[in-house]
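# Understanding the architecture of this molecule
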Amino acid sequence: LAHERRPTTTPTGGVVGAMAASLSEPKAKVWNPEKRVEEAEGKREAGNEKFRTGDVKGARKDYEEAKKHLSQELYAKVEDDNLLSRVKACRTLTLLNLALCYLKAEPAEAFKALEVCEEVLDADPENVKAMYRKGKALTEMGELQEAEFEFMRAFKLAPSDAGIRQDLEALRRKMRGDREQEKKNFEGLFNKAPGFASQDRGSSEAAQGPKADASGPVYQFLRSSDENPFANSASPAQEAHDLLKRGRLEDAVCAFEAALYQTSKNADWDTHFPLWLDLAKLFMDLNSDALALRCLSQPADLGSSISSSSSSSSGDTKRRPAANVRRNALLLRAVCLLNEAEKDALVEVSACLVLWLSVCEGAPAADGEEKVGARIARWRAGGGVGAPGADAAVAQGLLHLLHGREEALQAFSDALLAPSDETSCFGPEHRRAAKWNMLGAVLANRNRHKHALVAYEQALTAQPHYARALTNLGIAQQALPDPAAAAAAFTAALELVPDWSSPVIWQMLKKAIQEQPGERGAIAEAASQKSLPRLRELLGPALPQQRCSSMSATQVLREIGLIPAAAS
């Protein structure tokens, strides 16, 4: 923005200063709208001629000059309808040609092309060329689903346009190829119903799908370093966390992978191992505990038999994770084993918690043949370092769950009320959503579905793009039964998860739609077409009301009967 012109003054001010100010002011610029339009049209024609001869840079310069002549200020000055029509036509054609120049730049300036196409569509929402070139810009940016949407819009309006049809077909071939590779990489990892932190895990037919080996297979990267769009990022880990906040979970996976490549290459192990924890948490949020286990094998430091290509030999202490990283990885591993144990979940979770206790500062040693649950209970009852924390409460809650004890509810409630601890697994403030989600699952498994809804609402208030909590919310709503609300929650989850983790949620959504009373033709059709925007339009938001969003954890737990009511 231009700086405001200040009047010239003298130290004495007064009349002399005022006269000087008056003399210094420039004459008002005389506007001639018709001349401005003629200049813009001339620049556009000059740009067209240069473009025809292959001078894309020269054409771009002329189009940018024409755009300057066609400012919003000009619109306000034009009173003649015919002249205004010329302004609009010239501006539309100039912006479309400018988009083409940006796309033909080396390298393509896709974001600039996207911006000018959006300007055209703001004024003319049905402009086919703007839709088409917006689709090409989105393709360059790697936003393939959005690009497909724009190509389809353009194709419906101009079905005989061979260029649009060819680009749409090419895009779909690429998307099919990407999906097949993704399915190959993640085969068997997403084809079952939610596990712990969900209810009714075994009720879905999808739950009968193959299980991934929880320890043997190494993690297979979604993108190679050459194909990863974040490979050249200066800070891919920060980008991953930013993407998580925006709900772009698949992109966040790629960004974390790029950060793992970089830190391994640079031997930055203090950063490298915590990144495996972050990626594991993301896969847990996507409801793939099996894939999370593959990520956790490195920071849990379980030995060379489950290390990955970037791990070290067992004798290289420089590549060993820090004690707090290993501790947190072991506790997350115990959570995942609740669903993904190969044989006896109680045996495998208990063994993992024994390892976890061995690296917990202040944890008591075993007293003879004392079982791990008794050790944790003794530790929590006796106080000391780490004893009152969220991690010890979660560990005890896992064991209570495996034994079918009601005390599990108290343990997970204690985890929510534990003091903050940024170095622990479940103590940081940003892990509050995971604790509410786990508590919601325990409540739902005890058929306390209305109370589970409150817990899931708390989880989603803390972490709005929490796909697992949205799925769990839908399962609880379906059990009430409230199939319409369940369908809305499943739709919201599908808007977040990658295609390769969506099949089970689509099955749940279709079941919820089938259970809705009355006319459901439009919703069923949208589901059959997998049109998430249409489903969102028909079903509404996943959380129409958040009854306890402003309450403290203590107040919410009291509201759902997990803390005794305060004495009057």
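Residues numbered from 1 in each chain as written. Predicted model: local features only at pLDDT ≥ 70, side-chain atom pairs only at ≥ 80, totals over all residues. Heavy atoms only, no water.

For the rest of this paragraph, the subject is the overall build of the protein chain. For the protein chain, the helix and strand inventory stands at 26 helices and 0 strands. When burial is assessed residue by residue, the protein chain has 48% of its 568 residues classed as buried. Put simply, 59% of the contacts in the protein chain that link residues at least 6 apart link residues at least 24 apart. Total accessible area on the protein chain stands at roughly 28300 Å², and carbon and sulfur atoms take up 50% of it. (Helix = DSSP H or I, 4+ residues; strand = E, 2+ residues; numbered from the N terminus. Buried < 20%, exposed > 50% of the residue type's maximum accessible area, 1.4 Å probe, protein only. Contact = heavy atoms within 4.5 Å. Areas by Shrake-Rupley, 256 points an atom, 1.4 Å probe, with all protein chains shown as cover.)

Ranked by internal contacts, the top residues of the largest apolar core, which has 122 residues, are Leu279, Phe283, Leu353, Trp356 and Phe426. Filtering out sequence-adjacent residues up to four positions away, Leu353 remains in contact with Leu331, Ala334, Val372, Ile376, Ala395 and Leu399. In terms of nonpolar packing, the next biggest core, distinct from the first, is built from 30 residues, Ala59, Leu96, Ala154 and Leu168 among them. (Core = buried A, V, L, I, M, F, W, Y, C linked by side-chain atoms within 4.5 Å.)

Once that is clear, we can look at the side chain of Ser413. One can find Ser413 in helix H18 (residues 407–417). Given a relative accessible area of 1%, Ser413 falls into the buried group. Side-chain polar atoms of Ser413 contact the backbone oxygen of Leu409, separated by 2.8 Å. For Ser413, the residues in contact, after removing those within four places along its chain, are Leu439, Leu557 and Leu562. (Polar contact = N/O pair within 3.5 Å; in protein donor to acceptor, adjacent residues only side chain to side chain.)

Two elements in contact, helix H15 (residues 345–358) and helix H17 (residues 390–403), have axes whose closest approach is 10 Å; the angle formed by their N-to-C orientations is 160°. Classified by the angle their axes make, H15 and H17 are roughly antiparallel. Every pair of crossing elements has a handedness; the one defined by H15 and H17 is left-handed. Within the contact between the two elements, H15 uses Ala345, Leu346, Val349, Ser350, Leu353 and Trp356 and H17 uses Asp391, Ala392, Ala395, Leu399, Leu402 and His403. For the contact of H15 with H17, the residue count by class is 9 nonpolar, 2 polar and 1 charged. (Axes fitted to C-alpha atoms, helices over the stretch in contact; angles between N-to-C directions. Parallel < 35°, antiparallel > 145°, perpendicular 65-115°, else oblique. Left-handed = near helix turned anticlockwise from the far one by under 90°. Nonpolar A, V, L, I, M, F, W, Y, C, P; charged D, E, K, R; others polar.)

Once that is clear, we can look at the pattern of salt bridges. Following the criterion strictly, the structure yields 25 salt bridges and no others. Here Lys68 ties to Glu65 by a salt bridge, and the two come within 3.7 Å at their closest N and O atoms. Here Lys68 pairs with Glu65, and both are found in helix H3 (residues 56–69), just 3 residues apart, close to one helical turn. Of the residues examined, Glu65 reaches a relative accessible area of 28% and is grouped as partly exposed. Here Glu537 makes a salt bridge to Arg534, at a shortest N to O gap of 3.0 Å. (Salt bridge = Lys/Arg side-chain N within 4 Å of Asp/Glu carboxyl O.)

Turning to the environment of Pro428, a few remarks are in order. By the secondary structure assignment, Pro428 is in the loop between H18 and helix H19 (432–445). Ignoring any residue separated from it by four or fewer positions in sequence, one finds Pro428 in contact with Asp421 and Glu422.

Below, the discussion takes up helix H14 (residues 323–340). A rise of 1.5 Å per residue sets the reference length of H14, with its 18 residues, at 26 Å; its end C-alpha atoms lie 25 Å apart and thus fit the reference within 8%. By the criterion of burial, H14 is predominantly enclosed, with 16 of the 18 residues buried. (Expected span 1.5 Å × (residues − 1).)

This part covers unusual backbone geometry. Here the bond from Glu106 into Pro107 is cis, since omega is -5°, no more than 30 degrees from zero. By the element assignment, Pro107 lies in the loop between helix H5 (81–104) and helix H6 (110–123). Of note, the bond from Leu480 into Pro481 is cis; its omega dihedral lies within 30 degrees of zero at 0°. Of note, Pro481 is situated in the loop between helix H21 (467–479) and helix H22 (483–494). Positive phi, close to 55°, is recorded for Ala267, a residue that is not glycine.

The tally for this structure, following the rule as stated, stands at 8 aromatic pairs. The interplanar angle of 55° and the centroid separation of 6.0 Å between the aromatic rings of Tyr219 and Phe283 together place this pair among those described as tilted. Note that Tyr219 is positioned in the loop between helix H9 (162–185) and helix H10 (236–245) and Phe283 in helix H12 (residues 269–285), a separation of 64 residues in sequence. An identical accessibility class is assigned to Tyr219 and Phe283; each is buried. Through successive ring pairs, a cluster of aromatic residues spans Tyr219, Phe221, Tyr261, Trp276 and Phe283. (Phe/Tyr/Trp six-rings, centres within 6.5 Å; stacked < 30°, edge-to-face > 60°.)

Quick look at H10 now. Residues of H10 that are buried include every one of Pro236, Ala240 and Leu243, and no others. Looking down the long axis of H10, one finds its buried residues gathered within 65° of arc, a one-sided arrangement. Against helix H11 (249–265) lie the buried residues of H10. Directly after H10, the chain includes Gly247, whose backbone phi takes a positive value near 80°. (Arc of directions from axis to C-beta.)

This part is about the environment of Arg333. Along the chain, Arg333 falls in helix H14. Note: C-alpha distance between Arg333 and Ala300 (33 residues apart in sequence) is 8.0 Å.

The relative placement of two packed helices comes down to the angle between their axes together with the axis-to-axis distance. At their nearest, the axes of H15 and helix H16 (residues 372–382) sit 10 Å apart, and the two run at 40° to each other. For the element pair H15 / H16, the angle class is oblique. The chirality of how H15 crosses H16 is left-handed. The segment H15 lies against H16, with Ser350, Leu353, Val354, Trp356 and Leu357 engaging Val372, Arg375, Ile376 and Trp379. A breakdown of the residues in the contact of H15 with H16 according to their chemical character gives 7 nonpolar, 1 polar and 1 charged.

The next point concerns a negative patch on the surface. A grouping of Glu34, Glu38, Glu39, Asp80 and Asp81 is seen on the molecular surface, where their side chains present a negatively charged patch. For Glu34, the position within the fold is in helix H2 (residues 33–52). (Patch = residues over 30% accessible without salt bridge, like charges linked within 9 Å, V, L, I, M, F, W, Y side chains within 5 Å. Lys, Arg positive; Asp, Glu negative; His and termini not counted. Charge placed at Lys NZ, Arg CZ, Asp CG, Glu CD.)

To continue, consider the confidence of the model for the protein chain. Taken over all residues, the pLDDT of the protein chain has a mean of 81, while the share at 70 or more is 80%. Considering each helix and strand of the protein chain separately, the mean pLDDT is smallest for helix H1 (residues 14–24), with a value of 35, and largest for H12, with 95. (pLDDT = per-residue confidence, 0-100.)

With that out of the way, let us pick up the state of the cysteines. For the structure on display, the rule yields 0 disulfides. With no disulfide partner, Cys425 has as its closest neighbouring cysteine sulfur the one in Cys336, 9.7 Å distant. On the accessibility criterion, Cys425 (1% relative accessible area) is buried. (Disulfide = S-S within 2.5 Å.)

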